[in-house]
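The primary structure of each chain is shown beneath.
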Amino acid sequence: MTIGIINGPNLNLLGRRDPEIYGKETFEDTLTELKKNFTDITIQYFQTNSEGEIIDIIQNLNCDSNCAGIILNPGAYAHYSYAIADAIADSMVPVVEVHISNIHAREEFRAKSVTAREADAVLTGFGRDGYKLAINYLIGSQS
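Residues numbered from 1 in each chain as written. Predicted model: local features only at pLDDT ≥ 70, side-chain atom pairs only at ≥ 80, totals over all residues. Heavy atoms only, no water.

**Here we look at the sheet that holds strand E3 (residues 67-73)**
- Read from one edge to the other, the open sheet built from 5 strands follows the order E2-E1-E3-E4-E5, with strand pairing classed as parallel. A strand with exactly one partner marks an edge of an open sheet, and here the two such strands are strand E2 (42-47) and strand E5 (121-124). This sheet shows a mean twist of 20° between the axes of neighbouring strands, independent of strand direction.
- For strand E1 (residues 2-7) and E2, the ladder comprises 6 bridges, and the chain directions are parallel. (Pairing = 2+ DSSP bridges. Helix = DSSP H or I, 4+ residues; strand = E, 2+ residues; numbered from the N terminus. Axes fitted to C-alpha atoms, helices over the stretch in contact; angles between N-to-C directions.)

**Quick look at the layout of surface pockets**
- Here the largest pocket defines a volume of roughly 160 Å³.
- Here the lining of the largest pocket is built from residues that sort into 6 nonpolar, 6 polar and 3 charged. (1 Å grid on protein atoms, 1.4 Å probe; cavity = no way out; pocket = protein on both sides within 12 Å on 5 of 7 lines; lining within 4 Å. Points joined across faces, edges and corners; volume = space filled by probe spheres on them. Nonpolar A, V, L, I, M, F, W, Y, C, P; charged D, E, K, R; others polar.)

**With respect to helix H4 (residues 82-89)**
- Considered for burial, the residues of H4 that qualify are Ile84, Ala85, Ala87 and Ile88. End-on, the buried residues of H4 take up no more than an arc of 160°, which puts them together on one face.
- Looking at the buried side of H4, the elements it contacts are helix H3 (51-62), E3 and strand E4 (95-99). (Buried < 20%, exposed > 50% of the residue type's maximum accessible area, 1.4 Å probe, protein only. Arc of directions from axis to C-beta. Contact = heavy atoms within 4.5 Å.)

**Brief notes about the nonpolar core**
- Among the nonpolar cores identified, the biggest contains 22 residues, and Ile71, Tyr131 and Ile135 are the most heavily contacted of them.
- Contributions of two or more residues to this core are made by E1, helix H2 (27-37), E3, E4, E5 and helix H5 (129-141).
- Among the elements that take part in this core, H5 stands out by supplying 4 residues, more than any other.
- Beyond its immediate sequence surroundings of up to four residues, tyrosine 131 is in contact with Ile5, Asn7, Phe27, Leu34, Ile71, Asn73, Val98 and Ile100.
- In terms of nonpolar packing, the next biggest core, distinct from the first, is built from 15 residues, Ile55, Cys67, Ile88 and Val93 among them. (Core = buried A, V, L, I, M, F, W, Y, C linked by side-chain atoms within 4.5 Å.)

Here's what the structure looks like:
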């Protein structure tokens, strides 16, 4: 079973970017922990600052017969990318949208996610644990 994790723009800066909001760990630290905790799953990790690449990755994961689901942190694209929302809507596997911070407790423009409407589930404000919760959800959806 494969689960794809896609992190969008500026998430390559985790550990340095706004540590009071996003924490001091890099995403590689989080990925190492996830792989240690979920040894039965192949985690494919992608990070890109490009909207088109996110769409391409979603579409490619949909062609992978082993893919059980996608965890997507679209970053700022969550607030305005109808193209990513369309890719999620067309997904043949479940998509869980994850935000490290509580987007509803931040600036007003962050409170609305156009991509969340198409996701199967949304986790916001759980910190890095949101990725673990999303994996557990996707594992449970396979039962």
